[in-house]
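Descriptive structure summary
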Amino acid sequence: MKWIYLTCLLALTAARADDFATGADLSFLKQAEAHGQIFKDASNAAPGLQIFRHHGYNWIRLRLFVEPVREGLPNDLAYTLASAQEAKRLDYKFLLDLHYASSWADPGKQPTPEQWRNLSHPARVQAVCDYTRDTIAAFRAAGTLPDMVQIGNEITHGMLWPDGKLPQHWDEFADYLQAGIKGLDAGLAGAPRPPVMLHLAEDGKIASTQHFFDKITSYHIPYDVIGLSYYPWWHGTIADLQTNVAFAASHYNKDVIVVETAYYWKPNGETKNRLRPFPETPEGQRDFLAAVADAVRQAPEHHGKGVFWWEPAVTGRLAARGFFDENGNSLPALTVFDNPAGGL
């Protein structure tokens, strides 16, 4: 009987490990490698996607901008589609992050794409629907449908400003969310709808989480997953994160994913005089990721569904948040998910 119990327990643990999204936003990876960046694991050079897959990563997140050429960013439809195809060939699952902007959309800015700025509100709502439909149809035609879709990025204060800015314009914002989901269904052309994520960047604050998702519920917006950003220098302690993940999971009976997180492996100016729960060292970065994953896994009813690191292969100004040193050699954080239980 004891042997049967242990066998069942191991099977359940393995199933839950497989169900946990160990993810990375690798939206700049293809560009970095095209420009000659070489990533190395244990001093062996290899394609970045292969390195992450080897270390237990099973999801890739890719952002998509509406007209990024105007901003000098690579993340247009053709680039994102090619990146998704490469990831699918390595058996990654794929989260599509629709920004509905031509550049960065976050709590401090949600710029309306230039081609939509002079439209009336109803016409802009239709543009959101049509754009989403055509985008999803392109992925469907390529045989690379996303496994999850994020309607907007860090939409704490709305999207498509000023028309959809919160708290003033909840009706307009809700129209945009509904239009994005309607466009998703149209682009799928009868294929099953993947889970829809709504992404908030207030994960250390239960009151903010409740206010936002209570309003979402009041507008009857259909969604499946609560996505949270967690950067400790802005969002609080690991304990704050764990408390809020547990609240969101239980109060809304939804799966929760920390869809953006990062930590520095060497000191930098951004976090000076701000909360740093671990040393800014390679080992501290590793321990931070392990702690975040553990906090998410503690969510009730197995609703903690994953963690995505924001740009672990990033180069340039934010490279100290990545998983590689100045010479492209991998750092200890890359190994956290080597163990099926998340390295914990």
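Before reading further, recall that the structure is shown in the block above.
Let us look at the structure shown here.

Definitions and limits used
- Residues numbered from 1 in each chain as written.
- Predicted model: local features only at pLDDT ≥ 70, side-chain atom pairs only at ≥ 80, totals over all residues.
- Heavy atoms only, no water.
- Buried < 20%, exposed > 50% of the residue type's maximum accessible area, 1.4 Å probe, protein only.
- Helix = DSSP H or I, 4+ residues; strand = E, 2+ residues; numbered from the N terminus.
- Pairing = 2+ DSSP bridges.
- Contact = heavy atoms within 4.5 Å.
- Axes fitted to C-alpha atoms, helices over the stretch in contact; angles between N-to-C directions.
- Parallel < 35°, antiparallel > 145°, perpendicular 65-115°, else oblique.
- Left-handed = near helix turned anticlockwise from the far one by under 90°.
- Nonpolar A, V, L, I, M, F, W, Y, C, P; charged D, E, K, R; others polar.
- Phe/Tyr/Trp six-rings, centres within 6.5 Å; stacked < 30°, edge-to-face > 60°.
- Lys NZ or Arg CZ within 6 Å of the ring centre and 35° of its normal.

1. Remarks on the pairing of strand 8 (residues 225-230)
Extensive coverage of strand 8 is indicated by the burial of 6 of its 6 residues. With burial as the criterion, each face of strand 8 is covered, one bearing V225, G227 and S229 and the other bearing I226, L228 and Y230. Both strand 8 and strand 9 (residues 255-261) contribute to a ladder of 6 bridges, which runs parallel. From the neighbouring strand, G227 faces strand 9, where its bridge partner is I257.

2. Topic: the environment of V296
With respect to the helices and strands, V296 occurs in helix 10 (residues 282-297). Spatially, the C-alpha atom of V296 lies 7.5 Å from that of V258, the residues being 38 residues apart in sequence. Apart from residues no more than four positions distant in its own chain, V296 is found in contact with F20, V245, V256, V258, G304, K305, G306 and V307.

3. Observations concerning the environment of R193
Examined against the element boundaries, R193 turns out to sit in the loop between helix 6 (170-188) and strand 7 (196-200). For the pair R193 and I181, spaced 12 residues apart in sequence, the C-alpha separation works out to 9.4 Å. Beyond its immediate stretch of four places on either side in the chain, R193 contacts I181, L184, D185, L188 and P222.

4. Describing the packing of helix 6 against helix 7 (residues 206-218)
Packing of helix 6 against helix 7 leaves a shortest axis separation of 11 Å and a crossing angle of 70°. Taken together, the axes of helix 6 and helix 7 are roughly perpendicular relative to one another. Seen along the crossing, helix 6 lies across helix 7 with a hand that is right-handed. For the pair formed by helix 6 and helix 7, the contact residues are W170, F173 and L177 on the first element and H211, F212, K215 and I216 on the second. The residue makeup of the contact of helix 6 with helix 7, split by class, is 5 nonpolar, 1 polar and 1 charged.

5. Focus on the packing of aromatic side chains
Scanning the entire structure with this criterion turns up 30 aromatic pairs. Pairing W233 with W234 gives two aromatic rings, centres 5.9 Å apart and planes at 65°, and the pair type is edge-to-face. Assessed through its relative accessible area of 6%, W233 is described here as buried. Here the basic side chain of K254 rests over the ring of Y223, its NZ or CZ set 4.4 Å away from the ring centre. Taking NZ or CZ as reference, R297 lies 3.8 Å from the ring centre of F20, over its face.

6. Describing the sheet that holds strand 5 (residues 93-98)
The 8 strands are arranged 1-4-5-6-7-8-9-10 in a closed barrel whose pairing can be described as parallel. Mean inter-strand twist for the sheet, computed between neighbouring axes without regard to direction, equals 25°. Pairing of strand 6 (residues 148-151) with strand 7, which is carried by 2 bridges, proceeds in the parallel orientation. Opposite Q150, over in strand 7, you have M197 as the bridge partner.

7. Some thoughts on the packing of helix 9 (residues 238-252) against helix 10
For the pair helix 9 and helix 10, the least separation of the axes is 8 Å and the interaxial angle reads 25°. Here helix 9 is positioned roughly parallel relative to helix 10, judged by the angle of their axes. Regarding helix 9 and helix 10, the two cross each other, and that crossing is right-handed. Residue-level inspection shows I238, L241, Q242 and V245 of helix 9 in contact with helix 10, the latter providing F288, A291, V292, A295 and V296. A per-class count over the contact of helix 9 with helix 10 returns 8 nonpolar, 1 polar and no charged.

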